[in-house]
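Below, each chain spelled out in residue letters.
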Amino acid sequence: MLLAGRQYWRGPADRIREPRGLYGQIGDVMADVVPLVTDGVRPRGGDELDRFVDAHAGARGERDTPRFRAQLLNDATDSDQRIHRYWTLTEQLLGARITVGRAHDWVYRALVDSVER
């Protein structure tokens, strides 16, 4: 949980107004992304990505802007190999089941596309 939590607090942690609210909103988005991952839908912009970004913006008292999305992407880009190893082992253990890591990766890739455009 500590490593996964750090993904959301990369920026100044004191800017997150309601961590539980942020986790709840992100959880709702991930629940909606799992069927997309299951069905092989490619990461894309749309409701799921917008809700993910809105949750982060709202938790920080900001708005969804191109600048905010770029900062969110920068903060979410994880070079810590421990979290990558964690999700690799989790997927090996669970097999074909969709993990939160895979759902989060889908949203992350949608955010990359959104920022690059």
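Look up: the structure comes first, before these words.
Presented here is a report on the structure given in the accompanying data block. (Residues numbered from 1 in each chain as written. Predicted model: local features only at pLDDT ≥ 70, side-chain atom pairs only at ≥ 80, totals over all residues. Heavy atoms only, no water.)

## Looking at the overall build of the protein chain
This is how the line gets drawn: Numbering of helices and strands starts at the N terminus; helices are DSSP runs of H or I of at least 4 residues and strands are runs of E of at least 2. Under the scheme applied here, a residue whose accessible area is under 20% of the maximum for its type counts as buried, over 50% as exposed, and between as partly exposed, the area being computed with a 1.4 Å probe on protein chains only. Whether two residues are in contact is decided by their heavy atoms: any pair within 4.5 Å suffices.
Looking only at helices and strands, the protein chain features 6 helices and 0 strands. Counting from the amino terminus, the protein chain carries its helices and strands in the arrangement α-α-α-α-α-α. Buried residues in the protein chain amount to 35% of all 117 residues. A separation threshold of at least 6 residues defines the contact pool for the protein chain, and within that pool the share at least 24 residues apart is 63%.

## Structural notes on helix α2 (residues 19-38)
What counts, and what does not: Multiplying one less than the number of residues by 1.5 Å gives the expected span of a helix. One axis fitted to the seven residues ending at a residue, another fitted to the seven starting there: the angle between these axes is the bend at that residue.
When the terminal C-alpha atoms of α2 are compared, their 28 Å separation across 20 residues agrees well with the 28 Å that a helix rising 1.5 Å per residue should span. At Asp32, α2 shows its maximal kink, close to 25°; a proline, Pro35, follows between one and four residues later. Of the positions making up α2, those classed as buried are Leu22, Ile26, Val29, Met30, Val33, Leu36 and Val37. Count one or two residues on from α2 and you reach Gly40, which has phi positive near 75°.

## Description of the packing of helix α3 (residues 47-59) against helix α6 (residues 100-116)
Rules: Think of each axis as a best-fit line through the C-alpha atoms, taken over the contacting stretch in the case of a helix, with angles from 0 to 180 degrees between the N-to-C directions. To sort the angles, those under 35 degrees are grouped as roughly parallel, those over 145 as roughly antiparallel, those from 65 to 115 as roughly perpendicular, and the leftovers as oblique. Under the convention adopted here, Pro, Cys and the residues Ala, Val, Leu, Ile, Met, Phe, Trp and Tyr are nonpolar, Asp, Glu, Lys and Arg are charged, and Gly plus all remaining residues are polar.
Viewed as axis vectors pointing N to C, α3 and α6 meet at an angle of 90°, and their least axial separation amounts to 10 Å. If you check the angle between α3 and α6, you find them roughly perpendicular. Contact residues: Glu48, Leu49, Phe52 and Val53 in α3; His104, Trp106, Val107, Ala110, Leu111 and Ser114 in α6. Among the residues forming the contact of α3 with α6, the class breakdown is 7 nonpolar, 2 polar and 1 charged.

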